[in-house]
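Residue strings, one per chain:
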Amino acid sequence: MRRVALVTLVVDDYDEAIRFYTEALGFRLAEDAPRPDGSRWVVVEPGSGQAGGTGLLLARAKSEAQRGRVGDQTGGRVGFFLHTDDFARDHARMTAAGVTFLEEPRHEPYGSVAVFQDLYGNRWDLLQPAD
């Protein structure tokens, strides 16, 4: 079996990113380990962290080029898709936690969806796929 295990997300600060992903989005902190070069190996995962999911490796920008990509890793397109089994619950919880939604929820043939941005401006879909 093959799967994408981690996707790197370049961030400005480990701790503010951990707070946003765990508190505002409800992810769990799966790993936070120091590395010999002074950086950290920080992984957050949505849901219960069951095997087979994809986690985010939160990597602090080290160079000017990397800092320039923070918040614009996909050129302004939606680059991340957070699936949910209860759109209304998660939309309400995220809104109450201060997550910025860029549109009102839409109900499309493929499911309920709304675009939001993370603390750096990366665009995400909150999506409950249709049955």
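Residues numbered from 1 in each chain as written. Predicted model: local features only at pLDDT ≥ 70, side-chain atom pairs only at ≥ 80, totals over all residues. Heavy atoms only, no water.

Let's talk about the side chain of aspartate 90
Then, number 1: As for its position among the elements, aspartate 90 is in helix α3 (residues 87-96).
Then, number 2: Classification of aspartate 90 as buried rests on a relative accessible area of 13%.
Then, number 3: Only 2.4 Å separates the side chain of aspartate 90 from the side chain of threonine 84, close enough to count as a polar contact.
Then, number 4: Contact partners of aspartate 90, with chain neighbours within four places excluded, come to Thr84 and Leu126. (Helix = DSSP H or I, 4+ residues; strand = E, 2+ residues; numbered from the N terminus. Buried < 20%, exposed > 50% of the residue type's maximum accessible area, 1.4 Å probe, protein only. Polar contact = N/O pair within 3.5 Å; in protein donor to acceptor, adjacent residues only side chain to side chain. Contact = heavy atoms within 4.5 Å.)

Observations regarding the sheet that holds strand β3 (residues 40-45)
Then, number 1: One open sheet holds the 4 strands; their spatial order is β1-β4-β3-β2, and the pairing between them is mixed. The outermost strands of the open sheet, each flanked by one partner alone, are β1 (6-11) and β2 (28-34). Strand-to-strand, the axes of this sheet are offset by a mean angle of 25°, without reference to chain direction.
Then, number 2: Relative to β3, β2 is paired through 6 bridges, and the arrangement is antiparallel. Bridge pairing in β3 links glutamate 31 to valine 43. (Pairing = 2+ DSSP bridges. Axes fitted to C-alpha atoms, helices over the stretch in contact; angles between N-to-C directions.)

Re the pairing of β3
Then, number 1: A loop of 5 residues connects β2 with β3, the two strands running antiparallel in sequence, and glycine 38 in this loop sits at a positive phi of about 95°.
Then, number 2: The sheet contact formed by β3 and strand β4 (residues 55-60) spans 3 bridges and is antiparallel. Directly across from valine 44, in β4, lies its bridge partner leucine 56.

Things to note about the nonpolar core
Then, number 1: Membership of the largest hydrophobic core comes to 28 residues, with the highest contact counts inside it found for Tyr21, Leu56, Leu58 and Phe116.
Then, number 2: Contributions of two or more residues to this core are made by β1, α1 (14-24), β3, β4, β5 (78-83), α3, β8 (111-117) and β9 (123-129).
Then, number 3: Looking at this core, the element that brings in the most residues is α1, giving 6 residues.
Then, number 4: Among all residues touching leucine 56, those that are not within four sequence positions of it are Leu6, Val7, Leu9, Tyr21, Phe27, Val42, Val43, Val44, Phe80 and Trp124. (Core = buried A, V, L, I, M, F, W, Y, C linked by side-chain atoms within 4.5 Å.)

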